[in-house]
Amino acid sequence: MRLFSVKELSDLKEDTEVLLHGWVQETRTTKNLIFVVFRDHTGLAQLTIRRDSWNGIEVDNIPRESAISVSGTFMVHGKSKTGPEISPSKITILNIAGSPLPLAVSDPVNSDIETRLNNRFLDLRKREVGIIFRVESDLLWGIRKHMSQNGFTEVHTPKIVGTSTEGGSDLFAVRYFEKEAFLNQSPQLYKEILVSSGVNRVFEVGPAFRAEKHNTVRHLNEFTSIDIEMAFSDHNDAMVMLENAVRSGILEVSAGEREVKEALGVEVKVPEVPFPRITFEECVDYLSSKGMAHRDGEDFSPDELRIIGERFTGFYFITRWPASLRPFYTMPDPDDSNYTNSFDLQFRENEITSGAQRVHDPEMLRNRFLAKGLNPDDFSFYLEAFRYGMPPHAGWGLGLERLTMIVLGLKNIREATVFPRDRNRISP
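Right, let's walk through the structure included here. (Residues numbered from 1 in each chain as written. Predicted model: local features only at pLDDT ≥ 70, side-chain atom pairs only at ≥ 80, totals over all residues. Heavy atoms only, no water.)

This part covers the sheet that holds strand S3 (residues 43–50). The mixed closed barrel is built from five strands, whose spatial order is S1-S2-S3-S5-S4. On average, each strand axis in the sheet is inclined to that of its neighbour by 50°, with strand direction left out of account. Pairing of strand S1 (residues 17–29) with strand S4 (residues 67–75) involves seven bridges; the strand directions are antiparallel. Residue pairing in the sheet places His21 in a bridge with Ser69 of S4. (Pairing = 2+ DSSP bridges. Helix = DSSP H or I, 4+ residues; strand = E, 2+ residues; numbered from the N terminus. Axes fitted to C-alpha atoms, helices over the stretch in contact; angles between N-to-C directions.)

This is the structure we're talking about:
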(Lines give C-alpha, C1' and ligand atoms only; values in the text may rest on other atoms or scores of the structure.)
Protein backbone atom coordinates (compact mmCIF):
# COMPACT_ATOMS: atom_id res chain seq x y z
CA MET A 1 0.00 0.00 0.00
CA ARG A 2 1.43 3.36 -1.01
CA LEU A 3 2.11 6.13 1.51
CA PHE A 4 0.21 9.36 0.74
CA SER A 5 0.17 12.83 2.21
CA VAL A 6 -3.15 14.56 2.93
CA LYS A 7 -2.41 17.04 0.16
CA GLU A 8 -2.22 14.21 -2.41
CA LEU A 9 -5.61 12.71 -1.54
CA SER A 10 -7.69 15.16 -3.57
CA ASP A 11 -6.39 13.64 -6.83
CA LEU A 12 -7.45 10.06 -5.97
CA LYS A 13 -10.38 7.97 -7.14
CA GLU A 14 -13.15 6.62 -4.87
CA ASP A 15 -12.11 3.70 -2.64
CA THR A 16 -8.40 4.05 -3.37
CA GLU A 17 -6.44 2.29 -0.63
CA VAL A 18 -4.12 4.66 1.21
CA LEU A 19 -1.55 4.72 3.99
CA LEU A 20 -1.07 7.89 6.05
CA HIS A 21 1.34 8.88 8.82
CA GLY A 22 0.63 11.81 11.14
CA TRP A 23 -0.94 12.98 14.39
CA VAL A 24 -4.30 12.95 16.13
CA GLN A 25 -5.49 16.52 16.35
CA GLU A 26 -8.92 15.89 17.83
CA THR A 27 -11.44 13.10 18.45
CA ARG A 28 -15.23 13.53 18.40
CA THR A 29 -17.75 10.79 19.16
CA THR A 30 -21.45 10.08 18.69
CA LYS A 31 -23.48 7.01 19.53
CA ASN A 32 -22.66 5.29 16.24
CA LEU A 33 -19.60 7.10 14.88
CA ILE A 34 -16.11 8.19 15.88
CA PHE A 35 -14.49 11.08 14.03
CA VAL A 36 -10.74 11.56 14.27
CA VAL A 37 -9.25 14.78 12.91
CA PHE A 38 -5.95 13.60 11.43
CA ARG A 39 -3.09 15.94 10.56
CA ASP A 40 0.14 15.51 8.68
CA HIS A 41 2.63 18.11 7.49
CA THR A 42 0.43 19.00 4.50
CA GLY A 43 -3.03 19.39 6.02
CA LEU A 44 -6.06 17.87 7.75
CA ALA A 45 -8.17 14.81 6.97
CA GLN A 46 -11.08 13.16 8.77
CA LEU A 47 -11.10 9.50 9.76
CA THR A 48 -14.70 8.27 9.95
CA ILE A 49 -15.18 5.08 11.98
CA ARG A 50 -18.46 3.12 12.37
CA ARG A 51 -18.63 1.55 15.81
CA ASP A 52 -20.65 -1.46 14.70
CA SER A 53 -18.07 -2.54 12.13
CA TRP A 54 -14.82 -1.45 13.78
CA ASN A 55 -12.50 -4.24 14.92
CA GLY A 56 -9.40 -2.14 15.52
CA ILE A 57 -7.92 -0.49 18.60
CA GLU A 58 -9.97 1.71 20.89
CA VAL A 59 -9.75 5.18 19.39
CA ASP A 60 -12.25 7.16 21.48
CA ASN A 61 -9.61 8.45 23.88
CA ILE A 62 -6.37 8.57 21.95
CA PRO A 63 -4.54 11.60 23.42
CA ARG A 64 -4.22 14.59 21.15
CA GLU A 65 -0.90 14.86 19.27
CA SER A 66 -0.25 11.13 19.47
CA ALA A 67 1.58 9.85 16.39
CA ILE A 68 -0.42 7.29 14.38
CA SER A 69 -0.35 5.30 11.16
CA VAL A 70 -3.62 4.84 9.23
CA SER A 71 -4.57 2.34 6.53
CA GLY A 72 -7.90 2.72 4.78
CA THR A 73 -9.86 3.85 1.74
CA PHE A 74 -10.35 7.33 0.39
CA MET A 75 -13.98 8.49 0.15
CA VAL A 76 -14.38 10.91 -2.77
CA HIS A 77 -17.96 11.67 -1.83
CA GLY A 78 -17.27 12.13 1.88
CA LYS A 79 -19.20 14.89 3.65
CA SER A 80 -16.46 16.11 5.99
CA LYS A 81 -15.79 19.86 6.09
CA THR A 82 -12.49 19.24 7.86
CA GLY A 83 -10.73 17.83 4.81
CA PRO A 84 -10.52 14.63 2.75
CA GLU A 85 -12.40 11.73 4.37
CA ILE A 86 -10.89 8.31 5.04
CA SER A 87 -12.63 5.12 6.11
CA PRO A 88 -9.86 3.42 8.09
CA SER A 89 -9.34 -0.34 8.19
CA LYS A 90 -6.44 -0.15 10.62
CA ILE A 91 -5.03 2.47 13.00
CA THR A 92 -1.70 1.92 14.72
CA ILE A 93 -0.54 4.12 17.59
CA LEU A 94 3.14 4.85 16.98
CA ASN A 95 3.66 7.02 20.06
CA ILE A 96 1.19 8.22 22.69
CA ALA A 97 1.40 11.92 23.55
CA GLY A 98 1.60 13.00 27.17
CA SER A 99 -1.24 15.00 28.71
CA PRO A 100 -1.80 17.83 29.30
CA LEU A 101 0.05 19.37 26.37
CA PRO A 102 2.46 22.18 27.34
CA LEU A 103 1.31 24.12 24.29
CA ALA A 104 -1.98 23.94 22.41
CA VAL A 105 -1.65 23.04 18.73
CA SER A 106 -5.21 23.28 17.45
CA ASP A 107 -7.00 25.34 20.13
CA PRO A 108 -7.54 29.03 19.28
CA VAL A 109 -5.25 30.21 22.07
CA ASN A 110 -2.44 32.65 21.35
CA SER A 111 0.54 31.77 23.54
CA ASP A 112 3.32 34.28 24.15
CA ILE A 113 6.47 33.95 22.04
CA GLU A 114 8.61 32.63 24.91
CA THR A 115 6.19 29.77 25.67
CA ARG A 116 6.08 28.94 21.99
CA LEU A 117 9.86 28.87 21.64
CA ASN A 118 10.27 26.78 24.80
CA ASN A 119 7.94 24.20 23.21
CA ARG A 120 9.02 24.64 19.62
CA PHE A 121 8.47 20.94 18.83
CA LEU A 122 4.71 21.53 19.29
CA ASP A 123 4.63 25.11 18.02
CA LEU A 124 5.96 24.00 14.63
CA ARG A 125 3.01 21.61 14.24
CA LYS A 126 0.66 24.56 13.90
CA ARG A 127 -0.18 25.19 10.28
CA GLU A 128 0.40 28.93 10.52
CA VAL A 129 3.84 28.35 12.07
CA GLY A 130 5.06 25.45 9.96
CA ILE A 131 4.27 27.28 6.73
CA ILE A 132 6.70 30.08 7.68
CA PHE A 133 9.59 27.69 7.23
CA ARG A 134 8.26 26.26 4.00
CA VAL A 135 8.16 29.85 2.72
CA GLU A 136 11.71 30.41 4.00
CA SER A 137 12.83 27.26 2.19
CA ASP A 138 11.14 28.41 -1.03
CA LEU A 139 12.75 31.86 -0.73
CA LEU A 140 16.18 30.30 -0.41
CA TRP A 141 15.53 27.85 -3.24
CA GLY A 142 14.50 30.68 -5.56
CA ILE A 143 17.63 32.66 -4.68
CA ARG A 144 19.83 29.58 -5.11
CA LYS A 145 18.35 28.95 -8.55
CA HIS A 146 19.04 32.55 -9.54
CA MET A 147 22.65 32.26 -8.42
CA SER A 148 23.14 28.99 -10.28
CA GLN A 149 21.58 30.38 -13.45
CA ASN A 150 23.98 33.33 -13.32
CA GLY A 151 27.17 31.33 -13.07
CA PHE A 152 27.78 31.34 -9.30
CA THR A 153 29.61 28.56 -7.49
CA GLU A 154 28.36 27.70 -4.00
CA VAL A 155 31.16 27.65 -1.43
CA HIS A 156 31.58 27.01 2.30
CA THR A 157 34.04 29.07 4.33
CA PRO A 158 35.30 28.73 7.94
CA LYS A 159 33.10 29.77 10.82
CA ILE A 160 35.94 29.62 13.37
CA VAL A 161 38.40 32.43 12.66
CA GLY A 162 41.39 34.08 14.26
CA THR A 163 40.42 37.69 13.61
CA SER A 164 37.40 39.93 13.17
CA THR A 165 35.92 40.40 9.72
CA GLU A 166 35.06 44.05 10.19
CA GLY A 167 36.99 45.09 13.28
CA GLY A 168 35.24 46.03 16.48
CA SER A 169 34.31 43.91 19.47
CA ASP A 170 31.04 42.29 18.35
CA LEU A 171 32.60 38.83 18.40
CA PHE A 172 31.91 35.59 20.24
CA ALA A 173 35.20 34.22 21.60
CA VAL A 174 35.69 30.45 21.57
CA ARG A 175 38.35 28.13 22.97
CA TYR A 176 40.38 26.70 20.10
CA PHE A 177 43.11 24.52 21.57
CA GLU A 178 45.90 26.90 22.69
CA LYS A 179 44.78 29.80 20.50
CA GLU A 180 42.27 32.61 20.72
CA ALA A 181 39.51 32.28 18.14
CA PHE A 182 36.10 33.71 17.30
CA LEU A 183 32.85 32.74 15.58
CA ASN A 184 32.83 34.45 12.22
CA GLN A 185 30.70 37.56 11.67
CA SER A 186 30.67 37.10 7.91
CA PRO A 187 32.42 35.16 5.13
CA GLN A 188 33.49 38.51 3.66
CA LEU A 189 37.27 38.08 3.70
CA TYR A 190 37.16 34.51 2.42
CA LYS A 191 34.78 35.17 -0.45
CA GLU A 192 37.04 38.03 -1.59
CA ILE A 193 40.03 35.70 -1.53
CA LEU A 194 38.04 33.21 -3.60
CA VAL A 195 37.25 35.68 -6.40
CA SER A 196 41.00 36.35 -6.65
CA SER A 197 41.49 32.65 -7.41
CA GLY A 198 39.66 32.69 -10.74
CA VAL A 199 36.31 31.51 -9.38
CA ASN A 200 34.69 34.70 -10.61
CA ARG A 201 31.32 34.36 -8.89
CA VAL A 202 30.77 32.71 -5.51
CA PHE A 203 27.90 32.51 -3.07
CA GLU A 204 27.47 30.97 0.35
CA VAL A 205 24.54 30.14 2.60
CA GLY A 206 25.60 29.67 6.20
CA PRO A 207 25.44 30.89 9.80
CA ALA A 208 26.85 34.25 10.87
CA PHE A 209 27.40 35.39 14.44
CA ARG A 210 27.17 38.89 15.90
CA ALA A 211 27.76 39.52 19.62
CA GLU A 212 25.66 42.68 19.54
CA LYS A 213 23.70 43.37 22.71
CA HIS A 214 20.47 44.09 20.89
CA ASN A 215 17.15 43.07 22.34
CA THR A 216 14.75 43.96 19.56
CA VAL A 217 12.23 42.20 17.32
CA ARG A 218 14.59 42.65 14.31
CA HIS A 219 17.92 41.29 15.59
CA LEU A 220 19.44 37.85 16.13
CA ASN A 221 22.88 36.88 17.37
CA GLU A 222 23.03 33.90 15.03
CA PHE A 223 21.36 34.15 11.64
CA THR A 224 21.48 32.61 8.18
CA SER A 225 23.45 34.78 5.78
CA ILE A 226 23.30 34.56 2.00
CA ASP A 227 26.53 36.09 0.69
CA ILE A 228 27.80 36.64 -2.83
CA GLU A 229 30.93 38.07 -4.41
CA MET A 230 31.41 38.92 -8.09
CA ALA A 231 34.76 39.50 -9.83
CA PHE A 232 35.15 42.20 -12.49
CA SER A 233 32.04 43.94 -11.09
CA ASP A 234 31.04 47.09 -9.28
CA HIS A 235 28.29 48.08 -6.83
CA ASN A 236 25.78 48.64 -9.63
CA ASP A 237 26.27 45.08 -10.88
CA ALA A 238 25.80 43.81 -7.32
CA MET A 239 22.54 45.74 -6.87
CA VAL A 240 21.12 44.32 -10.09
CA MET A 241 22.06 40.81 -8.98
CA LEU A 242 20.48 41.41 -5.56
CA GLU A 243 17.16 42.80 -6.70
CA ASN A 244 16.73 39.97 -9.18
CA ALA A 245 17.72 37.35 -6.60
CA VAL A 246 15.12 38.73 -4.15
CA ARG A 247 12.51 38.76 -6.90
CA SER A 248 13.40 35.18 -7.86
CA GLY A 249 12.98 34.05 -4.25
CA ILE A 250 9.60 35.73 -3.85
CA LEU A 251 8.48 34.38 -7.22
CA GLU A 252 9.19 30.87 -5.89
CA VAL A 253 7.06 31.60 -2.81
CA SER A 254 4.21 32.93 -4.97
CA ALA A 255 3.65 29.42 -6.37
CA GLY A 256 2.08 28.53 -3.00
CA GLU A 257 0.35 31.88 -2.53
CA ARG A 258 -3.09 30.41 -1.85
CA GLU A 259 -1.86 28.30 1.06
CA VAL A 260 0.12 31.21 2.51
CA LYS A 261 -2.93 33.46 2.35
CA GLU A 262 -5.17 30.83 3.96
CA ALA A 263 -2.72 30.14 6.81
CA LEU A 264 -1.35 33.63 7.47
CA GLY A 265 -3.71 36.04 5.71
CA VAL A 266 -0.76 37.37 3.69
CA GLU A 267 -0.75 38.15 -0.02
CA VAL A 268 2.60 37.39 -1.61
CA LYS A 269 3.46 40.26 -3.94
CA VAL A 270 6.25 39.69 -6.46
CA PRO A 271 8.18 42.98 -6.67
CA GLU A 272 8.97 44.74 -9.92
CA VAL A 273 12.58 45.45 -10.81
CA PRO A 274 14.61 47.60 -10.83
CA PHE A 275 14.08 48.76 -7.23
CA PRO A 276 14.20 52.53 -6.64
CA ARG A 277 17.57 54.06 -5.70
CA ILE A 278 18.15 57.03 -3.40
CA THR A 279 21.52 58.34 -2.19
CA PHE A 280 22.45 58.89 1.44
CA GLU A 281 22.69 62.65 0.77
CA GLU A 282 19.23 62.69 -0.80
CA CYS A 283 17.90 60.96 2.31
CA VAL A 284 19.46 63.63 4.52
CA ASP A 285 17.92 66.38 2.38
CA TYR A 286 14.53 64.67 2.50
CA LEU A 287 14.68 64.39 6.28
CA SER A 288 15.56 68.09 6.47
CA SER A 289 12.49 68.91 4.37
CA LYS A 290 10.46 67.01 6.98
CA GLY A 291 11.96 69.01 9.84
CA MET A 292 14.44 66.29 10.95
CA ALA A 293 18.11 67.29 11.20
CA HIS A 294 20.34 64.26 10.66
CA ARG A 295 23.53 64.26 12.73
CA ASP A 296 26.74 64.02 10.69
CA GLY A 297 28.74 60.84 11.07
CA GLU A 298 25.82 58.76 12.32
CA ASP A 299 23.69 56.06 10.78
CA PHE A 300 20.00 56.72 10.26
CA SER A 301 17.87 56.16 13.33
CA PRO A 302 14.75 53.94 13.21
CA ASP A 303 12.58 57.08 13.22
CA GLU A 304 14.55 58.57 10.32
CA LEU A 305 14.31 55.35 8.33
CA ARG A 306 10.58 55.29 8.97
CA ILE A 307 10.26 58.74 7.40
CA ILE A 308 12.49 57.80 4.44
CA GLY A 309 10.61 54.53 3.94
CA GLU A 310 7.30 56.35 3.60
CA ARG A 311 8.45 57.48 0.17
CA PHE A 312 8.44 53.92 -1.13
CA THR A 313 5.83 51.17 -1.29
CA GLY A 314 8.28 48.28 -1.04
CA PHE A 315 11.96 47.55 -1.64
CA TYR A 316 14.45 50.34 -2.37
CA PHE A 317 18.19 51.01 -2.20
CA ILE A 318 20.00 53.66 -0.17
CA THR A 319 23.30 54.21 -1.98
CA ARG A 320 26.56 56.17 -1.63
CA TRP A 321 27.01 55.81 2.13
CA PRO A 322 29.67 57.87 3.99
CA ALA A 323 33.05 56.16 4.30
CA SER A 324 32.94 56.65 8.08
CA LEU A 325 29.95 54.30 8.29
CA ARG A 326 31.35 51.53 6.10
CA PRO A 327 33.92 48.75 6.73
CA PHE A 328 37.53 49.04 5.60
CA TYR A 329 37.01 46.91 2.48
CA THR A 330 34.43 49.30 0.96
CA MET A 331 35.54 51.14 -2.20
CA PRO A 332 35.54 54.95 -1.87
CA ASP A 333 33.56 56.95 -4.40
CA PRO A 334 36.14 58.02 -7.03
CA ASP A 335 34.59 61.50 -7.13
CA ASP A 336 34.55 62.05 -3.37
CA SER A 337 36.45 59.78 -0.97
CA ASN A 338 34.18 60.84 1.89
CA TYR A 339 31.55 58.60 0.31
CA THR A 340 31.58 55.02 -0.94
CA ASN A 341 30.31 52.79 -3.72
CA SER A 342 27.98 51.04 -1.31
CA PHE A 343 24.29 50.37 -0.71
CA ASP A 344 21.69 49.05 1.69
CA LEU A 345 18.56 47.26 0.50
CA GLN A 346 15.59 48.49 2.53
CA PHE A 347 11.95 47.57 2.85
CA ARG A 348 10.28 50.64 4.27
CA GLU A 349 12.22 51.29 7.51
CA ASN A 350 13.83 47.84 7.63
CA GLU A 351 17.36 47.16 6.42
CA ILE A 352 17.66 43.78 4.72
CA THR A 353 21.03 43.81 3.00
CA SER A 354 24.32 45.69 2.92
CA GLY A 355 26.66 45.55 -0.05
CA ALA A 356 29.31 47.43 -1.96
CA GLN A 357 32.11 47.46 -4.45
CA ARG A 358 35.25 46.36 -2.59
CA VAL A 359 38.72 47.86 -2.54
CA HIS A 360 40.93 45.75 -4.81
CA ASP A 361 44.15 47.82 -4.74
CA PRO A 362 46.46 46.47 -1.98
CA GLU A 363 47.95 49.84 -1.04
CA MET A 364 44.54 51.50 -0.81
CA LEU A 365 43.33 48.58 1.28
CA ARG A 366 46.28 48.90 3.67
CA ASN A 367 45.50 52.61 4.08
CA ARG A 368 41.86 51.79 4.75
CA PHE A 369 42.92 49.46 7.56
CA LEU A 370 44.96 52.23 9.14
CA ALA A 371 42.16 54.77 8.73
CA LYS A 372 39.84 52.42 10.64
CA GLY A 373 42.38 51.94 13.44
CA LEU A 374 43.15 48.35 12.46
CA ASN A 375 46.54 46.65 12.19
CA PRO A 376 47.11 45.34 8.64
CA ASP A 377 49.41 42.63 10.02
CA ASP A 378 46.39 41.00 11.68
CA PHE A 379 44.93 40.45 8.20
CA SER A 380 48.06 39.25 6.39
CA PHE A 381 46.33 36.08 5.06
CA TYR A 382 43.73 38.34 3.45
CA LEU A 383 46.07 41.03 2.11
CA GLU A 384 48.29 38.44 0.44
CA ALA A 385 45.56 37.68 -2.11
CA PHE A 386 45.53 41.33 -3.22
CA ARG A 387 49.21 41.40 -4.23
CA TYR A 388 48.80 39.14 -7.25
CA GLY A 389 46.15 40.54 -9.56
CA MET A 390 43.00 40.89 -7.46
CA PRO A 391 40.23 41.93 -9.88
CA PRO A 392 37.66 44.65 -9.12
CA HIS A 393 34.80 42.97 -7.28
CA ALA A 394 31.56 43.59 -5.43
CA GLY A 395 29.03 41.71 -3.36
CA TRP A 396 26.49 41.67 -0.57
CA GLY A 397 25.19 39.75 2.44
CA LEU A 398 21.47 39.05 2.86
CA GLY A 399 19.79 37.89 6.08
CA LEU A 400 17.39 35.06 5.22
CA GLU A 401 15.31 35.39 8.40
CA ARG A 402 14.86 39.11 7.97
CA LEU A 403 13.80 38.70 4.34
CA THR A 404 11.28 36.05 5.42
CA MET A 405 10.01 38.40 8.11
CA ILE A 406 9.48 41.12 5.48
CA VAL A 407 7.79 38.89 2.89
CA LEU A 408 5.32 37.47 5.44
CA GLY A 409 4.81 40.64 7.47
CA LEU A 410 5.92 38.96 10.71
CA LYS A 411 6.25 41.10 13.82
CA ASN A 412 9.24 39.31 15.35
CA ILE A 413 12.27 37.88 13.52
CA ARG A 414 12.34 34.97 15.97
CA GLU A 415 9.14 33.72 14.32
CA ALA A 416 11.22 33.17 11.17
CA THR A 417 13.95 31.26 13.05
CA VAL A 418 13.49 27.61 13.94
CA PHE A 419 15.60 27.81 17.11
CA PRO A 420 16.52 31.47 17.72
CA ARG A 421 19.69 32.66 19.37
CA ASP A 422 19.39 36.13 20.85
CA ARG A 423 20.80 37.93 23.86
CA ASN A 424 18.68 35.92 26.30
CA ARG A 425 18.09 32.60 24.55
CA ILE A 426 20.52 29.75 24.02
CA SER A 427 18.05 26.86 24.40
CA PRO A 428 16.44 24.84 22.93
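The tally for this structure, following the rule as stated, stands at 28 salt bridges. Glu229 serves as the salt-bridge partner of Arg358, at 2.8 Å between the closest nitrogen and oxygen. Separated by 129 residues along the polypeptide, Arg358 in strand S17 (residues 350–358) and Glu229 in strand S11 (residues 222–231) bring together distant segments of the chain. In this structure Glu229 comes out as buried when scored by relative accessible area, which is 0%. One continuous salt-bridge network, built from bridges that share partners, spans Arg116, Arg120, Asp123, Lys126 and Glu415. (Salt bridge = Lys/Arg side-chain N within 4 Å of Asp/Glu carboxyl O. Buried < 20%, exposed > 50% of the residue type's maximum accessible area, 1.4 Å probe, protein only.)

On to the side chain of Ser233. Inspection of the secondary structure assignment puts Ser233 in the loop between S11 and helix H5 (235–254). The residues touching Ser233, leaving out its near neighbours within four places in the chain, are Gln357, Pro392, His393 and Ala394. (Contact = heavy atoms within 4.5 Å.)

Attention now goes to the environment of Met239. Here Met239 lies in helix H5. Distance in space between the C-alpha atoms of Met239 and Leu345 is 8.5 Å, their sequence separation being 106 residues.

Our next topic: the pairing of strand S10 (residues 201–209). Most of S10 sits inside the fold, with seven of its nine residues counted as buried. Inspection of the sheet shows strand S6 (residues 153–154) paired to S10 by two bridges, in the parallel sense. Bridged to Glu154 within S10 is Phe203. Here nine bridges tie S10 to S11, and the two strands are oriented antiparallel to one another. The residue bridging Gly206 from the neighbouring strand is Ser225, located in S11.

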